[in-house]
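Architecture at a glance
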Amino acid sequence: AKLNLSSVKEKTVYILRSCAYSNEIVLVEHIWLPLRTFGKFEAFLRKESPTLLYPVYEEVCGVVVPRAVDNLSLGQWSAQDAAIFDVNSNAPGMCI
């Protein structure tokens, strides 16, 4: 619903990004975007690795993000994220 997809079969662009500090991963992002709107962004990412995404959304796809809302919650790690952070998947983790 938040992606405004026309159906559950609509294709998306999936991006897995990580941020590191002193060679230690401190943040992992899982981003899904509607392919119909962000198809050019997918091609852009094959060549570039931008630090900031919102300016690229506007430049490449013509999509302006005037504001963003982050929801914080505590939960268990997914197996994928637990492996990235080298923690037990039963350990509590912050989800943004």
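Look a little higher up for the structure.
These numbers come from a predicted model, not from an experiment. (Residues numbered from 1 in each chain as written. Predicted model: local features only at pLDDT ≥ 70, side-chain atom pairs only at ≥ 80, totals over all residues. Heavy atoms only, no water.)

1. Thoughts on unusual backbone geometry
The phi dihedral of Ser22 falls on the positive side, at around 50°, and the residue is not glycine. Assignment of secondary structure puts Ser22 in the loop between strand E1 (12–21) and strand E2 (24–34). Classification of Ser22 as exposed rests on a relative accessible area of 63%. The phi dihedral of Asn23 falls on the positive side, at around 65°, and the residue is not glycine. By the element assignment, Asn23 lies in the loop between E1 and E2. (Helix = DSSP H or I, 4+ residues; strand = E, 2+ residues; numbered from the N terminus. Buried < 20%, exposed > 50% of the residue type's maximum accessible area, 1.4 Å probe, protein only.)

2. Regarding a nonpolar patch on the surface
A cluster of nonpolar side chains, Tyr21, Val26, Leu27, Leu72, Leu74, Met94 and Ile96, forms an exposed patch at the surface whose accessible area comes to about 800 Å². Considering the arrangement of structural elements, one finds Leu72 in the loop between helix H2 (54–61) and strand E3 (73–76). (Patch = residues over 30% accessible without salt bridge, like charges linked within 9 Å, V, L, I, M, F, W, Y side chains within 5 Å. Areas by Shrake-Rupley, 256 points an atom, 1.4 Å probe, with all protein chains shown as cover. Salt bridge = Lys/Arg side-chain N within 4 Å of Asp/Glu carboxyl O.)

3. A look at the pattern of salt bridges
Under the counting rule described, the total for this entry stands at three salt bridges. The partner of Glu10 in a salt bridge is Arg36, and the shortest N-O contact between them spans 2.5 Å. Here Arg36 lies in helix H1 (residues 35–45) and Glu10 lies in the segment before E1, a separation of 26 residues in the sequence. With relative accessibility at 15%, the residue Glu10 sits in the buried group. A salt bridge links Glu42 to Arg46, with the shortest nitrogen-to-oxygen separation between them at 3.9 Å. Taking relative accessible area as the criterion, Glu42 reaches 30% and is therefore assigned partly exposed.

4. Re the environment of Thr51
Relative to the helices and strands, Thr51 resides in the loop between H1 and H2. Looking at Thr51, the relative accessible area reads 68%, which means it is exposed. With 34 residues separating them in the primary sequence, Thr51 and Arg17 have C-alpha atoms 9.9 Å apart.

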